[in-house]
Amino acid sequence: MRVCVRFGAEFLPALHDQKVGIARQTLGKLPLNGLRHPPEGSTCGWYIWAGEHLSQDADFFQPIHVSHLGDYCPETIPYLGLAPGWRFLLAPNYEDVWFDASLLAV
């Protein structure tokens, strides 16, 4: 919630039993990226990957429960309350958080 207050964003928590898309094969690279689409079904809408490029490959993201995200990239946890349409980019000594209305387009 603190991240939402800092950036003037609506708070919409990602629930522990919801799923997030994560590109585990990219973890360990920098920067760490996240974007949130509107939740659908059992997903919270978050997609997280590391590195410079977002792949369009169908198998780039694998679903995991939000409750397991801390095992892979705990630094993303504070940002999961940002509502759909928000993005983040994290690197050592760097944080960028912004709203991207294109994520809300159907």
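Further up the page is the structure itself.
Below is a summary of the structure that appears in this document. Think of each chain on its own: its residues are numbered from 1, step by step along the sequence as written. Reporting in this predicted model follows two pLDDT cut-offs: at least 70 for local features of residues, and 80 or more for side-chain atom pairs to be given and counted; totals over whole chains, interfaces and linings ignore these cut-offs and use all residues. Here the side-chain values reflect all heavy atoms present in the structure, with hydrogen atoms and water set aside.

## Quick word on the pairing of strand β5 (residues 86-91)
Line of reasoning, step 1. Strands were regarded as paired on the criterion that DSSP finds at least two bridges between them. The secondary structure listing takes helices from DSSP runs of H or I that are at least 4 residues long and strands from runs of E that are at least 2 residues long, numbered from the N terminus. In this structure, strand β2 (residues 32-36) lies alongside β5, joined through four bridges in antiparallel fashion. Across the sheet, L32 pairs through a bridge with L90, a residue of β5.
Line of reasoning, step 2. As paired strands, β5 and strand β6 (residues 94-99) are joined by six bridges and run antiparallel to one another. When the bridges of β6 are listed, L89 appears paired with D96.

## Considering the sheet that holds strand β4 (residues 62-65)
Note: strands within a sheet are paired through backbone hydrogen bonds, in either parallel or antiparallel orientation.
Line of reasoning, step 1. Read from one edge to the other, the open sheet built from six strands follows the order β4-β1-β3-β2-β5-β6, with strand pairing classed as mixed. The open sheet is flanked by β4 and β6, the only strands paired with a single partner. Averaged over all pairs of adjacent strands, the angle between strand axes in this sheet comes to 20 degrees, irrespective of strand direction.
Line of reasoning, step 2. Two strands pair when backbone bridges link them, and strand β1 (residues 19-22) and strand β3 (residues 43-50) are joined in this way by three bridges, in the parallel orientation. Bridging across to β3, G21 finds its partner in Y47. Think of each axis as a best-fit line through the C-alpha atoms, taken over the contacting stretch in the case of a helix, with angles from 0 to 180 degrees between the N-to-C directions.

## Points about the environment of E95
Line of reasoning, step 1. If you trace the backbone, E95 turns up in strand β6.
Line of reasoning, step 2. Taking the C-alpha atoms as reference points, E95 and G8, separated by 87 residues in sequence, lie 15 Å from one another.
Line of reasoning, step 3. Non-local contacts of E95, meaning those with residues more than four positions away in its chain, are made with R6, F7, Y79, L89 and L90.
Line of reasoning, step 4. Polar contact is defined as a pair of N or O atoms within 3.5 Å, subject to the rule that within protein one atom must be able to donate a hydrogen and the other to accept it, and that residues adjacent in sequence are counted only when both atoms are side-chain atoms. Of the polar contacts made by the side chain of E95, one reaches the side chain of R6; its length is 2.3 Å.
Line of reasoning, step 5. A polar atom in the side chain of E95 sits 2.5 Å from the side chain of Y79. The criterion used for residue contact is that any of the two residues' heavy atoms lie within 4.5 Å.

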